[in-house]
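Topology and contacts: notes
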Amino acid sequence: MNWIILIVAGLFEVAFTTCMSKARETTGAVSTGWWVAFLITMSISMYLLYRATLSLPMGTAYAVWTGIGAVGTVLVGIFFFKEPAHFWRVFFIFLLIGSIIGLKAVSKH
């Protein structure tokens, strides 16, 4: 169950980085809305990370959380913000995914 909580925390990390990006692109009330969404999703992400670390090793949980956030944020950038998806970028995304799976595989929890 804590791994599921950790995965959801990582997805909220993707959400808060996306909100931050959208807040920078907009102005006025729209920007304020994105900043509010950023604060909410960041708070949820941090709380879920905290919950996951109650039974998972802190180092493993943090590495997985940041890995999910990094991979997810890059994918959001590619699919929604038209960022480049050249070979090496995709290669390193898969390397990150492999590292996350490896940490899960060697974890004792």
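Conventions and cut-offs
Residues numbered from 1 in each chain as written. Predicted model: local features only at pLDDT ≥ 70, side-chain atom pairs only at ≥ 80, totals over all residues. Heavy atoms only, no water. Axes fitted to C-alpha atoms, helices over the stretch in contact; angles between N-to-C directions. Helix = DSSP H or I, 4+ residues; strand = E, 2+ residues; numbered from the N terminus. Parallel < 35°, antiparallel > 145°, perpendicular 65-115°, else oblique. Left-handed = near helix turned anticlockwise from the far one by under 90°. Nonpolar A, V, L, I, M, F, W, Y, C, P; charged D, E, K, R; others polar. Buried < 20%, exposed > 50% of the residue type's maximum accessible area, 1.4 Å probe, protein only. Contact = heavy atoms within 4.5 Å. pLDDT = per-residue confidence, 0-100. Phe/Tyr/Trp six-rings, centres within 6.5 Å; stacked < 30°, edge-to-face > 60°. Core = buried A, V, L, I, M, F, W, Y, C linked by side-chain atoms within 4.5 Å.

Attention now goes to the packing of helix 1 (residues 2-25) against helix 2 (residues 28-52). Close contact between helix 1 and helix 2 brings their axes to 8 Å; oriented N to C, the two are set at 160°. The orientation of helix 1 relative to helix 2 falls into the category roughly antiparallel. At the point where helix 1 passes helix 2, the crossing takes the left-handed sense. Partitioning the contact of helix 1 with helix 2 into residue classes produces 19 nonpolar, 4 polar and 3 charged.

As a further point, take the side chain of S107. Position of S107 relative to the elements: it lies in the segment after helix 4 (87-106). Residue class for S107 comes out buried when judged on its relative accessible area of 16%. Other than its neighbours up to four places away in sequence, S107 contacts W3 and P57.

What follows is about the confidence of the model for the protein chain. Per-residue confidence for the protein chain gives a mean pLDDT of 94, with 99% of residues at or over 70. Here helix 4 stands out as the least confident element of the protein chain, with mean pLDDT 91; helix 2 is the most confident, with 98.

A few words now on the packing of aromatic side chains. Going through the model one piece at a time under the given rule, you end up with 9 aromatic pairs. Ring geometry for F16 versus F38: centroids 5.7 Å apart, planes at 80°, classification edge-to-face. Residue F16 is found in helix 1, and its partner F38 is found in helix 2; the two are separated by 22 residues along the sequence. Taken together, the ring pairs connect F87, W88, F91 and F92 into an aromatic cluster.

Turning our eyes to something else, we now look at the environment of A15. Position of A15 among the secondary structure elements: in helix 1. With a relative accessible area of 24%, A15 lands in the partly exposed category. Along the primary structure A15 and F81 are separated by 66 residues, whereas in three dimensions their C-alpha atoms are 14 Å apart.

Before going further, it helps to examine the nonpolar core. Of all hydrophobic cores here, the largest spans 16 residues; its most connected members are L6, L56, V64 and W65. Looking at this core, the elements that each hand over two or more residues are helix 1, helix 2 and helix 3 (58-80). If one sorts the elements of this core by residue count, helix 1 sits on top with 6 residues. In this structure V64 touches W3, L6, I100 and L103, once residues within four positions along its chain are discounted.

What follows covers the packing of helix 3 against helix 4. Across the interface, helix 3 lies against helix 4 with an axial gap of 10 Å and an inter-helix angle of 150°. Accordingly, the angle class assigned to the pair helix 3 and helix 4 is roughly antiparallel. In this structure, helix 3 meets helix 4 at a crossing whose hand is left-handed. Where helix 3 abuts helix 4, its residues T60, A63, V64, G67, I68, A70, V71, V74, L75 and I78 lie against R89, I93, L96, I97, I100 and L103. Within the contact of helix 3 with helix 4, the residues separate by chemical class into 13 nonpolar, 2 polar and 1 charged.

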